[in-house]
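Residue-level structure breakdown
Here is what each chain is made of, one letter per residue.
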Amino acid sequence: LIILDEVLTGGASSRLHKRLVLDEELCADIGGWVASWTHPGLYELSVIARPDQPIGPALEAVDDVLKTLCESGVTERELQKARNGIEATFLREIAGTGARARGLGDAQATYGDFRAFLGQLDMLRAVDAPMVQAVARQVLRAENRSLVLVQPLPEADEPEGSDAQDDGPLDEHDHGEQARRAAADGRLRAAQDESARDGGGQMTRGDAADHGEVTA
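Throughout what follows, the structure given in this document is the object of discussion. Bear in mind that the values here come from a model prediction, so they are computed numbers and not experimental data. (Residues numbered from 1 in each chain as written. Predicted model: local features only at pLDDT ≥ 70, side-chain atom pairs only at ≥ 80, totals over all residues. Heavy atoms only, no water.)

**Re the nonpolar core**
Among the nonpolar cores identified, the biggest contains 34 residues, and Ile3, Leu8, Leu20 and Leu140 are the most heavily contacted of them. Of all the secondary-structure elements, those providing two or more residues to this core are helix H1 (2-9), helix H2 (15-23), strand S1 (27-34), helix H3 (55-72), helix H4 (76-93), helix H7 (120-125) and helix H8 (129-139). Here the element with the most residues in this core is H3; it accounts for seven residues. For Leu20, the residues in contact, after removing those within four places along its chain, are Glu25, Leu26, Cys27, Ile30, Val47, Ala58, Ala61 and Val62. (Core = buried A, V, L, I, M, F, W, Y, C linked by side-chain atoms within 4.5 Å. Buried < 20%, exposed > 50% of the residue type's maximum accessible area, 1.4 Å probe, protein only. Helix = DSSP H or I, 4+ residues; strand = E, 2+ residues; numbered from the N terminus. Contact = heavy atoms within 4.5 Å.)

Shown next as structure tokens:
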């Protein structure tokens, strides 16, 4: 299933990205996600339509790509490209000790054996084209699908007679001034607390400045 996802969504030459984003320009982006759990999970495909395109043609194109893959399978070139991409990503991700530790821990918690993490590449290399087609026919069935459509809300109009004012974005000087004031207020509160403990009463910003507690 991981190789199937790579064939469909892995890079600009993948089947869905090439068809929907590059060739027909129906979508701004596509993506896929495989749940790597012990028990059955979801295989997710995300399709982001272009703002000037309806979602209907994009969904029809997705159906056509999936149907063709189930009927004809994947080519040896696609299979090798998917293997290379997944292997390269895996090796980059485990370059650090933290990533290796997480991978070993996930394998132990998920599969009950940390060695499963070390054997991922061997399992990947054992996958052939008929295996990918069989998984596609099993998973990419219409009766298995749940479709979620998400549309952005229209922008709310400004209420008439609103007194709200937009002063525009803060420039670098404004941010610096706000930071200095916040620091000064914090030092002032600290100075007041110390003065109260000493019985000196309330301290003003000017007093704190005189004691070196506030910087301008």
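**Points about the packing of H3 against H8**
Axis separation between H3 and H8 bottoms out at 8 Å; the angle between their running directions is 130°. Looking at the two axes, H3 sits oblique to H8. As H3 runs across H8, the sense of the crossing is left-handed. Facing H3, whose interface residues are Leu69, Cys70, Glu71 and Ser72, H8 presents Gln133, Ala136 and Arg137. (Axes fitted to C-alpha atoms, helices over the stretch in contact; angles between N-to-C directions. Parallel < 35°, antiparallel > 145°, perpendicular 65-115°, else oblique. Left-handed = near helix turned anticlockwise from the far one by under 90°.)

**A few points about the packing of aromatic side chains**
Throughout the structure, instances matching the rule amount to one aromatic pair. Seen in terms of ring centroids, Phe90 and Phe117 are 5.4 Å apart; in terms of plane orientation they differ by 50°. Their pairing is tilted. Taken together, the residues Phe90 in helix H4 and Phe117 in helix H6 (residues 115-118) connect sequence positions 27 residues apart. Here the two residues Phe90 and Phe117 agree in accessibility, since each one is buried. The ring of Phe114 is capped by Arg115, whose NZ or CZ atom sits 5.1 Å from the centre of that ring. (Phe/Tyr/Trp six-rings, centres within 6.5 Å; stacked < 30°, edge-to-face > 60°. Lys NZ or Arg CZ within 6 Å of the ring centre and 35° of its normal.)

**Things to note about the pattern of salt bridges**
Applying the stated criterion across every chain yields a total of ten salt bridges. The salt bridge involving Asp52 is made with Arg50; its shortest N-O contact spans 3.3 Å. Residue class for Asp52 comes out exposed when judged on its relative accessible area of 52%. Accessibility expressed as a relative area gives 30% for Arg50, which makes it partly exposed. Residue Glu87 is joined to Arg125 by a salt bridge in which the shortest nitrogen-to-oxygen separation is 2.9 Å. Pair noted here: Glu87 is in helix H4 and Arg125 is in helix H7, with a separation of 38 residues, a long-range link. For Glu87, a relative accessible area of 21% gives the class partly exposed. Judged by its relative accessible area of 42%, Arg125 falls in the partly exposed class. Through salt bridges with shared partners, a single network forms among Arg19, Glu24 and Asp64. (Salt bridge = Lys/Arg side-chain N within 4 Å of Asp/Glu carboxyl O.)

**Digging into unusual backbone geometry**
The phi dihedral of Glu25 falls on the positive side, at around 55°, and the residue is not glycine. Mapped onto the secondary structure, Glu25 falls in the loop between H2 and S1. Looking at Glu25, the relative accessible area reads 44%, which means it is partly exposed.

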